[in-house]
Amino acid sequence: MIKISTAQLWVDDQDEALEFWTQKIGMEVRSDVTLPELGDFRWLTVGPAGQPDTAIVLMAIPGPPVMDGETAEQVRNLMAKGFAGTIFLTTDDVQSSYEELKGRGVEFSEEPEERPYGIDSGFRDPAGNSVRLTQPREDLA
Amino acid sequence: MAYAPTTRHLLRAKDLADARYFESLDVNDMARAAGLSRAHFSREFRRAFGDPPHAYLLTRRLERAAALLRNTDRSVTDVCLSVGLRSLASFTTSFTRAYGVSPTAYRASFPPASHRARIPWCVQRAYGRPRYSTFR
C-alpha cells in the first residue's frame, strides 16, 4: 500500500516557518537535524499531533551547487506570489479554528465560507504559501 | 445556556495543556479554561483523568521533551525551553524521575537524531554534492 509520508513546502526562513507552524498552527516538531556533511542542511519537519506518520518538511531554498541563484530567485518569487504550493488541511470545527488562529495573528486570505464540499477558509504562511483549512461536509465522507 | 457536563469543561483544560504546553501555562490557566475555581478544578480534573492537573501538564511537557531529545539535535536547554519549562535544574530532576535517566543519558540511549531522521536519498545526493572547483 502506498501512503503519503511527507510533503515539501519551500520557506524563506526556517526559524520563522517553525514558529508559525508550531506556535500559531499548533503542529508538532517531528524532526529537526542539521547535517554538517550535507553543507549544514537542516531537515525540519512538522506534523499534526493526531497524525504521527504524516509530516510537512519546511525546506529552505538552497544556494549553489544544489540550486543555482537564478532558479532560487524564481522559486522565491513564485512563493511570494503564492504559487509555490498549497497545503490542504481539515478540521472538525473551522469556525473555532479560524478564530483561534486569527487570534494568534494568522493572516487569513479567506474567511470560512459555505462551499458544496464543506466550510472552507484560507490563510498564508509567512513566506506567502497558500494553506486551506476546511471543515468537510460529513455526509460526503 | 446549553447544559454541558463538568467533564466537558475539564476536557477543555486538558486540550489546552496538550495544545499550548510550550507556553508559560500553569494550573490557573487550566482552571480558567474549565471555568472552575482552582481547588474545585484540581479535584475534579483528578477524578476525571486520574492525575492532578499540574502532573498532567508536567508529563505532557516531559513527553514532548523526550520526543525532541530523540528526534532533534537541539541542546537540552533548548529542549527544556521549547516545552514551556523555565528552569533547567527542575527539568532535569523531573525528567530523571519520569524516565529513570537524565535527559542527556536518555538521548544517548537512542541512535543520533540525524540517523533517525530518514533524510531522503534525493536530498542527500543533492546537498552532499561538492561545489565544483578548479583550485588545487
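Residues numbered from 1 in each chain as written. Chains lettered and ligands numbered in written order. Predicted model: local features only at pLDDT ≥ 70, side-chain atom pairs only at ≥ 80, totals over all residues. Heavy atoms only, no water.

Participant: Can you tell me about the pattern of salt bridges, naming the residues and giving the values?
Facilitator: For the coordinates displayed, the defined rule picks out 18 salt bridges over all chains. Residues D53 of chain A and K3 of chain A are paired through a salt bridge, measuring 3.5 Å at the closest nitrogen-oxygen approach. In this pair, D53 of chain A is assigned in the loop between β3 (41-47) and β4 (55-60) and K3 of chain A in the segment before β1 (6-11), connecting sequence segments 50 residues apart. Assessed through its relative accessible area of 46%, D53 of chain A is described here as partly exposed. On the basis of relative accessible area, K3 of chain A is assigned to the exposed category, the value being 56%. Put simply, R137 of chain A and D139 of chain A hold a salt bridge, and the shortest N to O gap is 2.8 Å. Owing to a relative accessible area of 36%, R137 of chain A belongs among the partly exposed residues under this scheme. Several salt bridges share partner residues, and in doing so they unite E28 and R30 of chain A together with D18, R60, E63 and R64 of chain B into one network. (Salt bridge = Lys/Arg side-chain N within 4 Å of Asp/Glu carboxyl O. Helix = DSSP H or I, 4+ residues; strand = E, 2+ residues; numbered from the N terminus. Buried < 20%, exposed > 50% of the residue type's maximum accessible area, 1.4 Å probe, protein only.)

Participant: Can you lay out the sheet that holds strand β7 (residues 118-124) of chain A for me, pointing to particular residues and giving the numbers?
Facilitator: All names here are of chain A. The sheet built from four strands is open, its strands ordered β5-β8-β7-β6 with mixed pairing. Unpaired on one side and paired on the other, β5 (86-90) and β6 (107-115) mark the two borders of the sheet. Here the average twist between neighbouring strands, direction ignored, is 20 degrees. The pairing of β7 with strand β8 (residues 130-136) spans seven bridges and is antiparallel. Residue pairing for β8: G118 is matched across the bridge by P136. Strands in contact with helix α3 (residues 94-103) are β6, β7 and β8; relative to β6, the strand with the most contacts, it is inclined by about 170 degrees. (Pairing = 2+ DSSP bridges. Axes fitted to C-alpha atoms, helices over the stretch in contact; angles between N-to-C directions. Contact = heavy atoms within 4.5 Å.)

Participant: Explain the nonpolar core to me, using residue names and the numbers behind them.
Facilitator: Core analysis: the largest hydrophobic core is formed by 38 residues, its most contacted members being W21, I25, I56, L58, L89 and F123 of chain A together with F91 of chain B. Sort the elements by how many residues they give to this core and helix α4 (residues 53-71) of chain B lands first, with five residues. Ignoring any residue separated from it by four or fewer positions in sequence, one finds I25 of chain A in contact with F20, L101, R104, V106 and F123 of chain A. Membership of the second largest hydrophobic core comes to 19 residues, among which are W10, W43, M59 and A127 of chain A. (Core = buried A, V, L, I, M, F, W, Y, C linked by side-chain atoms within 4.5 Å.)

Participant: Break down the interface of chain B and chain A for me, citing the residues and quoting the values.
Facilitator: Counting residues at the interface gives 22 residues for chain B and 23 residues for chain A. Taken over both partners, the interface formed by chain B and chain A buries close to 1900 Å², and the fraction arising from carbon and sulfur atoms is 60%. At the boundary of chain B with chain A, the tally comes to two salt bridges. With its nearest N and O atoms 3.4 Å apart, the salt bridge here joins E28 of chain A to R64 of chain B. There are eight residue pairs in polar contact (both at pLDDT 80 or more) connecting chain B and chain A. Mapped by element, the contributors of at least two residues to the side of chain B that touches chain A are α4, α8 (113-116) and α9 (121-128) of chain B. A per-element tally of the side of chain B that touches chain A places α9 of chain B first, with five residues. Each residue belonging to the side of chain B that touches chain A can be placed in one class, and the counts come to 10 nonpolar, five polar and seven charged. (Buried area = accessible area lost by both parts, 1.4 Å probe. Polar contact = N/O pair within 3.5 Å; in protein donor to acceptor, adjacent residues only side chain to side chain. Nonpolar A, V, L, I, M, F, W, Y, C, P; charged D, E, K, R; others polar.)

Participant: Tell me about helix α3 (residues 38-49) of chain B, residues and numbers included.
Facilitator: All names here are of chain B. Compared with the 16 Å implied by 1.5 Å per residue over 12 residues, the 16 Å span of α3 between its first and last C-alpha is a close match. Of the residues making up α3, those classed as buried are F41, E44 and F45. The buried residues of α3 occupy an angular sector of 105 degrees when the element is viewed end-on, so they sit on one face. What points out from α3, more than 90 degrees from its buried face, is the exposed set A39, R43 and R47. On its buried face, α3 sits against α1 (6-20), α2 (27-34) and α4. Positive phi shows up at G50, right after α3, with a value of about 90 degrees. (Expected span 1.5 Å × (residues − 1). Arc of directions from axis to C-beta.)

Participant: Just give me the short version of the confidence of the model for chain B, but keep the residues and values in it.
Facilitator: Per-residue confidence for chain B gives a mean pLDDT of 93, with 96% of residues at or over 70. Two numbers describe this predicted complex: its pTM, 0.86, and its ipTM, 0.79. (pLDDT = per-residue confidence, 0-100.)

Participant: Describe the packing of α1 of chain B against α4 of chain B, listing the residues and the values that go with them.
Facilitator: Residue and element names in this part refer to chain B. Interhelical geometry of α1 versus α4 gives an angle of 25 degrees and a closest axis separation of 9 Å. By the angle between their axes, α1 is roughly parallel relative to α4. The interaxial crossing formed by α1 with α4 has right-handed handedness. Residues K14, A17 and D18 of α1 form the contact with α4, whose participating residues are Y56, L57 and R60. The class makeup of the residues in the contact of α1 with α4 is three nonpolar, no polar and three charged. (Parallel < 35°, antiparallel > 145°, perpendicular 65-115°, else oblique. Left-handed = near helix turned anticlockwise from the far one by under 90°.)

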